[in-house]
Amino acid sequence: MPADDGFDREPDPLFESVEPSGGDRIFERRELVTIDHLPTEDRIVGRDEQIRMIAGEIGPAVSGAPPNSVMIYGKTGSGKSLVAKHVVQRSEREATRRGNALATGYANCSQAKGNSDTLQQLGEQITPADSSVTFPERGISENEYFNRLWTVLDEQYDAAVFILDEIDRLKNDDILMILSRAAESGSVSTPIGVIAISNKINYREQMSERTKSSFGHTEYVFDPYDATQLREILANRTDAFKNGTLEDGVIPRAAALGAKEHGDARKAMRLLRYAGDYAKNNGADTVREEHLLEVRASAEAERLRDLVSGLPSHSRHVLNGLAALTKQNEERQWFRTTQIIDAYERVCRKEGVDTLTKDRVRQLLKELAFLEVTENRSNHGGKGTGSYKEHRLMWDAETVSRMHSRS
Ligand SMILES: Nc1ncnc2c1ncn2[C@@H]1O[C@H](COP(=O)(O)OP(=O)(O)O)[C@@H](O)[C@H]1O
Ligand SMILES: [Mg+2]
C-alpha cells in the first residue's frame, strides 16, 4: 500500500460511527445491556424476596457450616441465573469478611458437553493456580473428576456453593445427586450447597428419588415479569447509552415486546441492545422505536439459537430439514418422522456430511421436542396402517433458517 499521511482528506464514511475517543455515539457502557453482565444490587428489580430466601438456604456456608441445596425453576428471562449469581457473589464476599474460605463455582450445563465437562469447569474455578491437583479437559474419568474435586475442597476450603445452571440439559442427575449428598456420604468433609436451575418445571419428574429428597423442601419458582417490571429493569440500565441517545418510547416498547409471550427480561434486554447496535451501525443519532422493529427477527433467531446451543450439529440438520418441509408446504404444519428423516438426509447431502441412523434421528427429534423447539403427536392410522408420529415446528420456519444462516 502506498504511503499516505492521511491529512487533508475527507472523513471516510466507513468509520463514521467511531468517535474520536474510540467509543461510539450511541453506547456509553454497552456491557450493561448484555445478558451475562451481572448488575449491581440497585439495578435488580422485584426479586428481593427470592434473594433473601436463597441466601437463607445457602447462608450457613459463609461461616463454614453446611448449606442447604436449592432448586430454582422458571421460564427463560425470569432472573434465575442473575439471582443465583448475585447471592453467590455476596456469600463469597461475606465469607471472606469472616475469614472463611468459601469455594464458589458456576457451570452452565447447556454449554457444557456432559457431566465430565461440567465437573471440569467447576474444578478449574476452585483450584488455586499453585495447586498440585489439575482438571484436564480430557483423559480422566467422571469418577476421577469427583475425587480431585474432593481433594481440592478438603485441602483448601471451609465450605462450597456451586451453581448448576440449566441442569435439565444434562442427560442424568448424577452430578446433582453426588454433589448434594457428598458430605453425608463421607466422600468429602467440606460441606457443599448446590443451587440448581432449570427452565422446566417438569424436570422434577426426571430426578431420581434420592436427588429429590435433597432438594425436596427448597424449591423456588420464579414467575415471569409483567410489563411494568420489565420497563423498570430496562430503565435501570439506561446509563448503557449516551445521554440523550435513547428516545422515550424505546424502553416501554421493548418491555411490551418482552412481555408478549411470557415476561422475558432476556428478550427485552436483547431487543434494547440490538436496537442500539442497529442505530449505531446505521449512523442514526438516537435509538428509536422503529429500530426495535428492525431487530425483532434477529432477536428471535438469537433466542432460538440459545435454546439449541449445545445440541449436536445433526440436530440442526434435522431442524433445517423440518424448516424446509414447512416452507415448502405452507398449508401443512405436521410431518411424519419418515418425511423428516428424508428431509434431514437431503440437508446432510447438501452440507456434505454423512447421515446418522434413523434411530438416532428419532432420538434427536425427541430432544428437540423436549426443548420445545418442536412438538409431536401420535396418530393412529386407519385399518391396516399402524400408528405413527408426526412433528411440528413450534418456531417460525424463517427464524430457523435465519438462525442457521448466521451460525
Ligand atoms: N429482576 C431483575 N432485575 C434486573 N435485571 C434482570 C432481572 N431479571 C433478569 N434481569 C436481566 O435480564 C437478563 C436475563 O436474566 P437471567 O437471569 O439470565 O434469566 P434466566 O436465567 O431466568 O433465563 C439478564 O441480563 C439479567 O441481568
Ligand atoms: Mg439463565
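It should be emphasised that the depicted structure is a prediction, and the values quoted were computed from it without experimental measurement.

Colleague: Just to check I follow, could you spell out the sheet that holds strand β6 (residues 334-336) for this structure?
Modeller: Backbone hydrogen bonds are what pair the strands of a sheet, in a parallel or an antiparallel way. A sheet is described by the order of its strands in space; here three strands give the open sequence β6-β8-β7, paired in antiparallel fashion. Sheet topology places β6 and β7 (374-380) at the edges, where each strand pairs with a single neighbour. Each adjacent strand pair in this sheet contributes to an overall mean axis angle of 35°, direction not counted. Sheet topology note: the β6/strand β8 (residues 387-393) ladder contains three bridges and is antiparallel. Paired with W334 across the strands is R392, a residue of β8. Running over the sheet, helix α12 (residues 313-328) touches β6, β7 and β8 and is turned about 85° from β8. Those strands touched by helix α13 (residues 337-351) are β6 and β8, and its axis lies near 85° from that of β6.

Colleague: Please explain the UniProt feature "binding site: ATP" (unreviewed entry) in the chain as it appears in this structure.
Modeller: The UniProt record marks S78, G79, K80, S81, L82, Y225 and R237 with the feature "binding site: ATP" (unreviewed entry), using the residue numbering of this structure. Topologically, S78 is positioned in the loop between β1 (70-74) and α2 (80-97). Among residues more than four places away in sequence, those in contact with S78 are R47, F222, D223 and Y225. Within the fold, S81 resides in helix α2. According to the relative accessible area criterion, S81 is partly exposed, its value standing at 21%. Ignoring anything within four residues of it in the chain, the contact list for S81 reads Y106, D165 and I197.

Colleague: Explain unusual backbone geometry here, please?
Modeller: Leaving glycine out, the prevailing phi sign among residues is negative, and the prevailing peptide bond configuration is trans. At E166, a residue that is not glycine, the phi angle is positive and equals roughly 50°. Relative to the helices and strands, E166 is located in the loop between β3 (159-165) and α5 (174-180). Exposure remark for E166: the relative accessible area of 15% places this residue in the buried category. The phi torsion at E372 lies on the positive side, around 65°, for a residue other than glycine. Relative to the assigned elements, E372 resides in the loop between α14 (358-370) and β7.

Colleague: Teacher, can you tell me more about the site of ligand 1 here?
Modeller: In the vicinity of ligand 1, 21 residues are found, and the nearest of them are V45, G77, K80, S81 and Y225. Contacts to ligand 1 include K80, whose side-chain N or O atom sits 2.7 Å from an oxygen atom. Against a free-state accessible area of 560 Å², the protein chains account for coverage of 97% of ligand 1. Contributions of two or more residues to the shell around ligand 1 are made by α2 and α10 (265-281). Classifying every residue of the shell around ligand 1 gives nine nonpolar, six polar and six charged. Taken domain by domain, the shell around ligand 1 gets at least three of its residues from each of domain 1 (46-222) and domain 2 (225-305).

Colleague: Would you take a moment to explain the side chain of S309 for this structure?
Modeller: Looking at the secondary structure, you find S309 in the loop between α11 (289-308) and α12. The residues contacting S309, other than those within four sequence positions of it, are S110, Q111, R169 and R316.

Colleague: It is not clear to me how α14 should be interpreted in this structure. Could you clarify?
Modeller: Because the α-helix completes a turn every 3.6 residues, residues three or four places apart line up on one side. Over its 13 residues, α14 extends 19 Å from the first C-alpha to the last, a length consistent with the 18 Å expected when each residue adds 1.5 Å. All buried positions along α14 are accounted for by V361, L364, L365, L368 and A369. The buried residues of α14 occupy one face: seen down the axis, they fall within an arc of 145°. Seen from the buried face of α14, the exposed residues on the opposite side, beyond 90 degrees, are D359 and K366. Immediately beyond the C-terminal end of α14, within one or two residues, lies E372, with a positive phi of roughly 65°.

Criteria and thresholds
- Residues numbered from 1 in each chain as written.
- Chains lettered and ligands numbered in written order.
- Predicted model: local features only at pLDDT ≥ 70, side-chain atom pairs only at ≥ 80, totals over all residues.
- Heavy atoms only, no water.
- Pairing = 2+ DSSP bridges.
- Helix = DSSP H or I, 4+ residues; strand = E, 2+ residues; numbered from the N terminus.
- Axes fitted to C-alpha atoms, helices over the stretch in contact; angles between N-to-C directions.
- Contact = heavy atoms within 4.5 Å.
- UniProt positions renumbered as here; feature names shortened; annotations may be inferred.
- Buried < 20%, exposed > 50% of the residue type's maximum accessible area, 1.4 Å probe, protein only.
- Near = heavy atom within 4 Å.
- Polar contact = N/O pair within 3.5 Å; in protein donor to acceptor, adjacent residues only side chain to side chain.
- Areas by Shrake-Rupley, 256 points an atom, 1.4 Å probe, with all protein chains shown as cover.
- Nonpolar A, V, L, I, M, F, W, Y, C, P; charged D, E, K, R; others polar.
- Domains from an automatic or database assignment.
- Expected span 1.5 Å × (residues − 1).
- Arc of directions from axis to C-beta.

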